[in-house]
Amino acid sequence: CGRAQVDVYTLADDVTKGSISYAIGNGLSVSASADDNDDWDVGVTWSGGPLSVSYSTDEESAYEANASYNMGNGATMFVSTADANDWASIGIEFSF
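No experiment lies behind these values; they were computed from the predicted model shown.

1. Some points on the pairing of strand S6 (residues 63-72)
Part 1 of the reasoning: The pairing of strand S5 (residues 51-58) with S6 spans seven bridges and is classified as antiparallel. In the strand pairing of S6, Val53 is matched with Ala67.
Part 2 of the reasoning: Connecting the antiparallel pair S5 and S6 is a turn made up of four residues, with Ser61 showing a positive phi of about 60°.
Part 3 of the reasoning: Bridge analysis of S6 against strand S7 (residues 75-82) gives eight bridges, and the strand direction is antiparallel. Looking across to S7, one finds that Glu64 is bridged to Ala82.
Part 4 of the reasoning: Remark: two residues form the turn of the hairpin made by S6 and S7, two consecutive strands paired antiparallel; Asn73 in that turn has positive phi of roughly 55°.

2. Remarks on the environment of Asp14
Part 1 of the reasoning: Position of Asp14 among the secondary structure elements: in the loop between strand S1 (3-10) and strand S2 (16-25).
Part 2 of the reasoning: Note: C-alpha distance between Asp14 and Asp36 (22 residues apart in sequence) is 9.5 Å.

3. Comments concerning the environment of Asp41
Part 1 of the reasoning: Tracing the chain through its elements places Asp41 in strand S4 (residues 40-48).
Part 2 of the reasoning: The residues touching Asp41, leaving out its near neighbours within four places in the chain, are Ser31, Ala32, Ser33, Thr57 and Asp58.

4. As for a nonpolar patch on the surface
Part 1 of the reasoning: There is a patch of nonpolar side chains on the surface, built from Trp46, Leu51, Val53, Tyr69, Met71, Met77, Ile92, Phe94 and Phe96 and spanning about 960 Å² of accessible area.
Part 2 of the reasoning: The set of elements that each furnish at least two residues to the nonpolar patch consists of S5, S6 and strand S8 (87-94).
Part 3 of the reasoning: A relative accessible area of 39% places Met77 in the partly exposed class.

5. Quick notes on the pairing of S2
Regular strands place their side chains on alternate faces of the sheet.
Part 1 of the reasoning: Pairing between S1 and S2: eight bridges, direction antiparallel. Bridge pairing in S2 places Thr10 opposite Thr16.
Part 2 of the reasoning: In this structure, the hairpin formed by S1 and S2 is closed by a connection of five residues, where Asp14 is found at a positive phi of approximately 60°.
Part 3 of the reasoning: Counted along the chain from S2 to the antiparallel partner strand S3 (residues 28-35), the turn is two residues long, and its residue Asn26 has a positive phi close to 55°.

6. As for the packing of aromatic side chains
Remark: the centre distance and the inter-plane angle together describe each pair of aromatic rings, the angle taken between the planes.
Part 1 of the reasoning: Scanning all chains against the criterion turns up two aromatic pairs.
Part 2 of the reasoning: Ring geometry for Tyr55 versus Tyr63: centroids 6.5 Å apart, planes at 15°, classification stacked.
Part 3 of the reasoning: Taking relative accessible area as the criterion, Tyr55 reaches 40% and is therefore assigned partly exposed.
Part 4 of the reasoning: With a centroid separation of 6.5 Å and an interplanar angle of 15°, the aromatic rings of Phe94 and Phe96 are classed as stacked. Comparing Phe94 with Phe96, the two get one shared label, exposed.

Reading guide: rules and limits
Residues numbered from 1 in each chain as written. Predicted model: local features only at pLDDT ≥ 70, side-chain atom pairs only at ≥ 80, totals over all residues. Heavy atoms only, no water. Pairing = 2+ DSSP bridges. Helix = DSSP H or I, 4+ residues; strand = E, 2+ residues; numbered from the N terminus. Contact = heavy atoms within 4.5 Å. Patch = residues over 30% accessible without salt bridge, like charges linked within 9 Å, V, L, I, M, F, W, Y side chains within 5 Å. Areas by Shrake-Rupley, 256 points an atom, 1.4 Å probe, with all protein chains shown as cover. Salt bridge = Lys/Arg side-chain N within 4 Å of Asp/Glu carboxyl O. Buried < 20%, exposed > 50% of the residue type's maximum accessible area, 1.4 Å probe, protein only. Phe/Tyr/Trp six-rings, centres within 6.5 Å; stacked < 30°, edge-to-face > 60°.

Next up, the structure:
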């Protein structure tokens, strides 16, 4: 059983933007937004236990993908990539 949210609003430059997000269940959710200026974005996220994965793209085919794994004791392993400047990162994050 899912949960949906819809928003419509006008930005400062008189552009109307709408967005929708839907939590499908089992940790999976999708979202989309678009405006009357031909801009749009879509994304999907999944999380289950210590693992989470997300992917998003837009009208210019600019993408971003992220994955993380909570290793416990304040340590999280992550990997990310984005089409901007062919950027990629992998590492371990610590929180104290």
